[in-house]
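Per-entry structural report
The lines below spell out each chain.
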4 protein chains.
Amino acid sequence: MKGKRLSRKERERERQRREIMAAAHTLFSEKGYHGVSMQEIADQAEFAVGTLYIFFKSKGDLYQESMLEETEKFMGQLGKVLDEPVDEVAKLRNLVRAKGTYFLNNASKIRIFHAELRQASDSAITELDLKIQTKRLSLMKDVAAVFESGMKKGTFQRIGDPYILAKSLDNITHSFLLSWIEDPEQYPYPEDPDVILNILFKGLIQD
Amino acid sequence: MKGKRLSRKERERERQRREIMAAAHTLFSEKGYHGVSMQEIADQAEFAVGTLYIFFKSKGDLYQESMLEETEKFMGQLGKVLDEPVDEVAKLRNLVRAKGTYFLNNASKIRIFHAELRQASDSAITELDLKIQTKRLSLMKDVAAVFESGMKKGTFQRIGDPYILAKSLDNITHSFLLSWIEDPEQYPYPEDPDVILNILFKGLIQD
Amino acid sequence: MKGKRLSRKERERERQRREIMAAAHTLFSEKGYHGVSMQEIADQAEFAVGTLYIFFKSKGDLYQESMLEETEKFMGQLGKVLDEPVDEVAKLRNLVRAKGTYFLNNASKIRIFHAELRQASDSAITELDLKIQTKRLSLMKDVAAVFESGMKKGTFQRIGDPYILAKSLDNITHSFLLSWIEDPEQYPYPEDPDVILNILFKGLIQD
Amino acid sequence: MKGKRLSRKERERERQRREIMAAAHTLFSEKGYHGVSMQEIADQAEFAVGTLYIFFKSKGDLYQESMLEETEKFMGQLGKVLDEPVDEVAKLRNLVRAKGTYFLNNASKIRIFHAELRQASDSAITELDLKIQTKRLSLMKDVAAVFESGMKKGTFQRIGDPYILAKSLDNITHSFLLSWIEDPEQYPYPEDPDVILNILFKGLIQD
DNA sequence: TATGAATGAGCGTTCATTCAT
DNA sequence: TATGAATGAACGCTCATTCAT
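Thresholds applied
- Residues numbered from 1 in each chain as written.
- Chains lettered and ligands numbered in written order.
- Predicted model: local features only at pLDDT ≥ 70, side-chain atom pairs only at ≥ 80, totals over all residues.
- Heavy atoms only, no water.
- UniProt positions renumbered as here; feature names shortened; annotations may be inferred.
- Helix = DSSP H or I, 4+ residues; strand = E, 2+ residues; numbered from the N terminus.
- Axes fitted to C-alpha atoms, helices over the stretch in contact; angles between N-to-C directions.
- Left-handed = near helix turned anticlockwise from the far one by under 90°.
- Contact = heavy atoms within 4.5 Å.
- Salt bridge = Lys/Arg side-chain N within 4 Å of Asp/Glu carboxyl O.
- Buried < 20%, exposed > 50% of the residue type's maximum accessible area, 1.4 Å probe, protein only.
- Near = heavy atom within 4 Å.
- Nonpolar A, V, L, I, M, F, W, Y, C, P; charged D, E, K, R; others polar.
- Polar contact = N/O pair within 3.5 Å; in protein donor to acceptor, adjacent residues only side chain to side chain.

1. A few points about the UniProt feature "DNA-binding region" (unreviewed entry) in chain A
The positions UniProt marks with the feature "DNA-binding region" (unreviewed entry) are residues 37-56 of chain A. Helix makes up 75% of residues 37-56 of chain A and strand 0%, with an end-to-end C-alpha separation of 14 Å.

Quick look at the structure:
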C-alpha cells in the first residue's frame, strides 16, 4: 500500500519530467539551444524556472536529455524494422519507409538528426552529439550487416563497402527528408520510398 | 583625380572589409555563431569593435556576409567544373573530385555547407541559410542538367528524376565529407572519389 | 490529564526546537549566515524545511535564536564564576580560566562572540548583535564591580575606570582566543591564563 | 606628447577605478559583502554594471581590492608613526593616538579591521582576510620590536612576551574603538589615548 | 501536524551595440 | 574616419519561503 503511494508519486514526477522535456524539445527544435531561455521553457511547460532545476541540473543537461530521448525513440523504431524476418531488399525498403513515416509524424522534431559536425561552443551540445553519433553508428552497423548478408546471398552486387553503403543510404534519406521539411511540395520522399531506393538499386550505368 | 582618390579609398575600404570577413569566417567556423564575440573578431582582425559596425550593421549581418562569401567562392569553383567541355561521366567525376579537393584544402571552413534546417534563433542565420539554399539550388539545377543530358544520350539509365539524382549525389558527397572531417582515417573519400561514384553508377540490383 | 498531555506535547515541541537550533548553530558557526541554506539545516536536523518555518519565522530568526542561546549558556557560565565567594584576584583569574576552558571545549562554536559591529545586511543579525551586546554589557558590569571592589579594598591600584578595565580584560582574552583558534600552536592562552593576567596586573612601567 | 595623452587617459581610468572602489567600500562597510549587489554599487558609483566588470573581474575581486586598499592606507599610516625618532614610550603613545585619529576621521570605514575568524562561506572574503592578516602581522612585529627595545633599555618591565604585548595593545585599542563607534558618548578613547596606555603601563597590582 | 515540491524574485555576469572623442 | 569605453538588457541559476497534501 505504501509502495503504491510511492509509485504514484514517482509516476507523477515522471509525468512532470516528461512535460518539461517535451516543452524543451519543442522549443530547442524550433529555435536552437541558444535561442531558447530557461524562462521560456518554464513558461511553455507551465512550471517555474526553479522547478526545471529540480529535474535537470543545468540548461545543457536539459538540452541533452530532451534531445537524446527523441533520438533513442527514433533509433529504436528503425532498429526494430531490421529485426523482422524478411529478406534484405524488404528490410531496406522497410527501413526507408519507417524513417519516412517517422518524419511525417514528427516533422517538428527532426533537429535531432543533425548530429554531425556542429561546433563545440557549448560542451553540452558536443556531448550530446557524441552520444547521438554513437547511437547512429550502432544502427549503421546493423544496416551494413543487411548489405553484407545480401551480397553473400548474391541478391546484391558488391558495388562498395557495406558500411559505406549503409552510410550512403542513411545520408540520402536524411537529406531528402530535410529538404522535404523545408519544401514538402517538391519532394517525392517520404511519401514514395522507392524513389530513394531506385538510386541505390538501379545503377546509373549498367555493364 | 578626385575620382581616383575616391576609388583608392574605396579599394582600401574593400580590403578592410575583407580582412574583417576573413577573421569572422575563421572564428565562426571554429566556434560557431554563439561561441564568438564581436570583440574576439575585432581583435583577430586587428580593428576596434566600433569599426566592425561601420562595415556590418550587426553580428548577424557579419555572420551572414562572411559565410556567404565563402559559399560563393566554393559554389563558383564547382560551377566552373561543369562548364568544361567533357562528357557527362567526366563532369560528375570532376565535380565529386573538386568538392573533395576543396574540403582537403579548407577543412576548417566547412561549416558553411550546413545550410539545411538549422533553427531560427537568429534571423540572420535563417536569412543566410535561405541565401545559401538558393545558391545550392542553382548548382543543383546545373548538375541535374548533366544527368538529363546523359540520359538523353543514353549514357545514363533513367533510374530517377535528374534533379533528385543531383541532390542525391550532392548529399552523399556532403555527408561523407562531414564524416571524414571527424574521422579522416575511416573514410575513403575525398581521397578516392570513385567510391562515391560507384554507388551511383553501379546499381545494387541489376536487371 | 489533559494538561499533562498538552505539557508532554509542549515538551516534545521544545525538544524539536532545540534539535533544530543545535543543527543551525553548528552550521552557522562553521560556514556563516550566508554560507548555510535552510535545506542544509533541515537535512542536518532531520526535519523538512517546512517544519523549520513552524518553529522559526525566517532564516534570520533561526539564526538569531540559535546564536543567542549559545551566548546565554556561555555568559551564564561566566556569571556563575563571579558569584563564587573568593577574593577579587581569584575571581578574575577564574573568569579568564573559565573563558579559556569554554573555548577549549567549544572551539567550533565561537563565532558567537563576534558581536561587535558586523554590518546590517540582515536585520536579524543586527537585532542579534544588539541582544548579545546587552548580555555582554551586563556581564561587563559584574566584572567592573569586581574591579571596583578590589580597588576599595586596596588590592588593586586605581589605574583606570573599573568598567573600562572590565572591557579591556574582556577584549584581551577575547582577541587572544580568536588568534588561538586560527593558530593554536603560537599562543599560550587559553592553556595558560596567567599570561593574560600579567598584562593587567603588572604594569609595564612601575613608579 | 603622445605619452602625455596616454597618461591623461590612464589618470582618468584610475580616477574611475577609485570612484568604484570608494562606492564599493562604503556599501560593503555598511551592509557587508552579501548585503550589497553589484547593481547597487554601480548605481552608487554612477556607472553601469558592465563598467564594474571592466575594472574588476568579479564581485569578490572588487570586495577584496576595495577593502585591501583601505587597510593598506591605514596600516601605512601606523607604520610611519613607529619610524619616527622618539623613545619607546612616545612611539606607543603616538601609535595609539594615530589609530584613534584614523577612526575619528574614517568612522564609516572600519569594517576592515575585522579580519579575524570570519567564516569561509566565500573564498573572496577568506582570501582578503588572509591578506589583511599578513599586513597586520607585519605591523605587530614592528610594535613588538618597540616593546623589546624598551625592555632592553630598562624603560619597560619584562611583564610578558613582546609580541603578546603588541597584540594585546592592538586588541585593546581595537575593541575600544569598535565600542566607541557604537556608542561614542560612553568611551574616552579615541579622544584620550592615555586611558588605554595606563592599563598597559601601570600594573593593577604592583610589587 | 509535518511535509517537501514548487515558486519566482533576485543575484552575478556577459556581450552586442552605441557614441563621444 | 576609427576608436574602445561604457552601456544595460538579458541570461542561467539559487534558495528563502509558501502551501496543498
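There's more to say after this.
2. Some details on the packing of helix 7 (residues 162-182) of chain B against helix 8 (residues 194-201) of chain B
All names here are of chain B. Viewed as axis vectors pointing N to C, helix 7 and helix 8 meet at an angle of 150°, and their least axial separation amounts to 11 Å. Taken as a pair, helix 7 and helix 8 cross one another with a handedness that is right-handed. Mapping the contact onto sequence places Leu165, Leu169, Ile172, Thr173 and Phe176 in helix 7 and Ile196, Ile199 and Leu200 in helix 8.

3. So, the pattern of salt bridges
In total, this model carries 52 salt bridges over all chains according to the counting rule given. In this structure, Glu12 of chain A and Arg15 of chain A form a salt bridge, with 2.8 Å as the shortest nitrogen-oxygen distance. Highlighted residues: Glu12 of chain A and Arg15 of chain A, both in helix 1 (residues 2-31), separated by three residues, approximately one helical turn. Exposure remark for Glu12 of chain A: the relative accessible area of 34% places this residue in the partly exposed category. A residue is classified by how much of its surface remains accessible, and Arg15 of chain A, at 41% relative accessible area, is partly exposed. Among the ionic pairs, Arg15 of chain B bridges to Glu19 of chain B, the shortest N-O distance being 2.5 Å. Highlighted residues: Arg15 of chain B and Glu19 of chain B, both in helix 1 (residues 2-31), separated by four residues, approximately one helical turn. Look at the salt bridges and you will find they share partners, linking Glu12, Arg15 and Glu19 of chain A into a network.

4. Observations regarding the protein's contact with DNA strand E
Taken together, 29 residues lie near DNA strand E, and Gln16 and Thr51 of chain A, Thr51 of chain C together with Tyr53 and Lys59 of chain D sit nearest. Contributing elements (two or more residues each) for the surface near DNA strand E: helix 3 (49-55) of chain A, helix 3 (49-55) of chain B, helix 3 (49-55) of chain C together with helix 3 (49-55) of chain D. Considering only residue class, the surface near DNA strand E consists of 16 nonpolar, eleven polar and two charged.

5. Brief notes about the protein's contact with DNA strand F
Around DNA strand F sit 30 residues, and of these Tyr53 and Lys59 of chain A, Thr51 of chain B together with Gln16 and Thr51 of chain D come closest. Between DNA strand F and Tyr53 of chain A, the relevant distance is 2.7 Å, taken from a phosphate oxygen to a side-chain nitrogen or oxygen of the residue. Residue Lys59 of chain A places a side-chain N or O atom 2.5 Å away from a phosphate oxygen belonging to DNA strand F. Elements represented by at least two residues in the surface near DNA strand F include exactly helix 3 of chain A, helix 1 and helix 3 of chain B, helix 3 of chain C together with helix 3 of chain D. Broken down by element, the surface near DNA strand F gets its largest block of residues, five residues, from helix 3 of chain D. Looking at the surface near DNA strand F residue by residue, the class counts come to 16 nonpolar, eleven polar and three charged.

6. Thoughts on the environment of Ala166 of chain D
All names here are of chain D. The topology assignment puts Ala166 in helix 7 (residues 162-182). What makes Ala166 buried here is its relative accessible area of 1%. Separated by 23 residues in the primary sequence, Ala166 and Val143 place their C-alpha atoms 5.6 Å from one another. Not counting residues within four places of it along the chain, the set of residues in contact with Ala166 comprises Met140, Val143, Ala144 and Phe147.

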